[in-house]
Amino acid sequence: MNVVPFIADNAADALTQIRSKLGPEAVVLNVRRLPATGLSRLWSRQRIEVLACAPEAVAEREIAPSIPALALLDVRDVSGPEFAAEQGTEDLSAIISRRANRFSMPALVPGKWRSAALLETMGVTALHAERVLDELKRIHGDRAPESLGSELALTRDVLKRFWRDARLPARGTHVFLGPPGSGKTTALCKWLTQASLIEGASARVWRLDVPRANTAESLSVHCEILNTPVERSWNPAVTWPEELHFVDLPGVETSDEVAFDEIQKLLSIMPGARVTLVLNAAYDSTLLQNQVRAFSRLPITHLLFTHLDEETRWSKLWNFVLGTNYSMSFLSAGQNIPGRFLPATAELLFPEVFRAS
């Protein structure tokens, strides 16, 4: 990856340099404020350093986790004579069990769908796996294709039917909320940086003390770097000129009823706001589902998952596609800003075995 550093007086200057050298599709990797040195710090304005690279340098395979695709197992057709001849007389279920690094594939029974069992090994709950299986049978019949590769392709297509595109407009208000430790403020900074430095959008940020004091000083510092105005109170009577409005709220415990009531009152004076629930993907799926259930009393529109550098099984996030009515907006990994911050797609949640089919 050819990373190019840019030194600029402000975000607008950095944007001009990046687009001039790398083009409008450049990827920003990190932004930091440069400390002034020597006597110049008494009169010089602090500058910023932006690291960027050309888009082709950041391949999807470098961002999504690399999950082995049942190494050496030909997913195009594991029931053909070539496969049997190659493996001799060894029991097929034993071969699959031995070869599958991350997934334990179900035994191959002629005519029987294996997709539900495979989805469960990916981290999808039994309830949601059965839902996918019911849809497979409704569309393709009770008898599964003989080829495992064909079955995986059909399952992939059915999963895509459940996917909901985020459809995020270029203008509007976005409210970030979530439990403590979800990485919500970092995710906001990543989105803000991409919008400001890559898309050239104008933005304003609200760091609100609802339901309690918002101590995210790092947000104000980052906004200062990007020359983005920060407000500390919401006034519904004022019309702001910026294209994007980002609202950061303190983390809320799922049992804090008073906090939920206060947030509900705030959202009632923000008509048209898109409310993003930010969740730590490294947490156990059951805990994440409980958090979604607790926050569902609020008008959530999108889910955003963070800490994906700490979680290799991204496929477990299908539980939140299959089990909610919310769209998934972004997937975030790492602490660098903007770092790895990807528009969520169905393809990113498929393990390698599905991509190979």
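For the structure, check the block above.
Residues numbered from 1 in each chain as written. Predicted model: local features only at pLDDT ≥ 70, side-chain atom pairs only at ≥ 80, totals over all residues. Heavy atoms only, no water.

*Asks:* Looking at this structure, I do not really get the sheet that holds strand β3 (residues 47-53). What am I missing?
*Replies:* Across a sheet, paired strands are connected by hydrogen bonds in the backbone, their directions being either parallel or antiparallel. An order of β1-β3-β2 is seen for the three strands of this open sheet, with the pairing classed as antiparallel. The open sheet has two edge strands, β1 (4-8) and β2 (27-34), and neither has a second partner. Sheet twist, expressed as the average angle between the axes of neighbouring strands with direction ignored, equals 20 degrees. Bridge analysis of β1 against β3 gives five bridges, and the strand direction is antiparallel. The partner of Phe6 across the bridge, within β3, is Val50. Most of the contacts of helix α1 (residues 11-22) go to β1, to which it runs at about 145 degrees, and overall it touches β1, β2 and β3. (Pairing = 2+ DSSP bridges. Helix = DSSP H or I, 4+ residues; strand = E, 2+ residues; numbered from the N terminus. Axes fitted to C-alpha atoms, helices over the stretch in contact; angles between N-to-C directions. Contact = heavy atoms within 4.5 Å.)

*Asks:* Would you mind going over the side chain of Gln194 with me for this structure?
*Replies:* Its location among the elements puts Gln194 in helix α8 (residues 184-198). Not counting residues within four places of it along the chain, the set of residues in contact with Gln194 comprises Glu199, Pro338 and Phe341.

*Asks:* In this structure, what is going on with α8? I would like to understand it.
*Replies:* Relative to the 21 Å expected for 15 residues at 1.5 Å per residue, α8 spans 21 Å between its end C-alpha atoms, a close match to the ideal helical length. Of all the 15 residues making up α8, 14 are buried; the element is thus mostly covered by neighbouring parts of the structure. Once α8 finishes, Gly200 follows within two positions and takes phi at roughly 70 degrees, a positive value. (Expected span 1.5 Å × (residues − 1). Buried < 20%, exposed > 50% of the residue type's maximum accessible area, 1.4 Å probe, protein only.)

*Asks:* Please explain the environment of Phe295 as it appears in this structure.
*Replies:* Relative to the helices and strands, Phe295 resides in helix α11 (residues 285-295). Its relative accessible area of 0% is what places Phe295 among the buried residues. Residues Phe295 and Val252 lie 43 residues apart in sequence; the distance between their C-alpha atoms is 9.3 Å. The residues touching Phe295, leaving out its near neighbours within four places in the chain, are Leu177, Gly178, Pro179, Val252, Thr254, Phe260, Leu277 and Ile300.

*Asks:* In this structure, what is going on with the sheet that holds strand β9 (residues 302-306)? I would like to understand it.
*Replies:* In space, the eight strands of this open sheet follow the order β6-β5-β7-β4-β8-β9-β10-β11, with mixed pairing throughout. Each edge of the open sheet carries a strand with a single partner, namely β6 (230-231) and β11 (340-343). Both strand β10 (residues 327-333) and β11 contribute to a ladder of four bridges, which runs antiparallel. Each residue of the ladder has a partner; that of Ala333, found in β11, is Arg340.

*Asks:* Help me understand the pattern of salt bridges, please; the structure alone is not making it clear to me.
*Replies:* Should the charged atoms of two oppositely charged side chains come close, the side chains can pair. Under the criterion given, the structure shown has 13 salt bridges. One salt bridge in this structure joins Arg114 and Glu151, with 2.5 Å as the shortest N-O distance. With Arg114 in the loop between α4 (92-99) and α5 (115-121) and Glu151 in helix α7 (residues 148-162), this residue pair connects regions lying 37 residues apart in the sequence. Each member of the pair, Arg114 as well as Glu151, is classed as buried. (Salt bridge = Lys/Arg side-chain N within 4 Å of Asp/Glu carboxyl O.)

*Asks:* Quick question: what am I supposed to make of the pairing of strand β4 (residues 172-177) here?
*Replies:* Residues in a regular strand project their side chains so that they alternate between the two faces of the sheet. Counting buried residues along β4, five of its six residues qualify, which places the element largely inside the surrounding structure. Bridging between β4 and strand β7 (residues 244-248) involves five bridges; their strand directions are parallel. Each residue of the ladder has a partner; that of Val175, found in β7, is Val247. Bridging between β4 and strand β8 (residues 274-280) involves four bridges; their strand directions are parallel. Bridging across to β8, Leu177 finds its partner in Leu277.

*Asks:* Help me understand the layout of surface pockets, please; the structure alone is not making it clear to me.
*Replies:* Any space left empty among the atoms is revealed by the rolling of a water-sized probe across them. If you add up the space inside the second largest pocket, you get close to 290 Å³. Lining the second largest pocket are 17 residues, with Leu168, Pro169, Trp191, Glu199 and Phe330 sitting closest to its centre. Elements supplying a minimum of two residues to the lining of the second largest pocket: α8 and β10. For the lining of the second largest pocket, the residue count by class is 11 nonpolar, three polar and three charged. (1 Å grid on protein atoms, 1.4 Å probe; cavity = no way out; pocket = protein on both sides within 12 Å on 5 of 7 lines; lining within 4 Å. Points joined across faces, edges and corners; volume = space filled by probe spheres on them. Nonpolar A, V, L, I, M, F, W, Y, C, P; charged D, E, K, R; others polar.)

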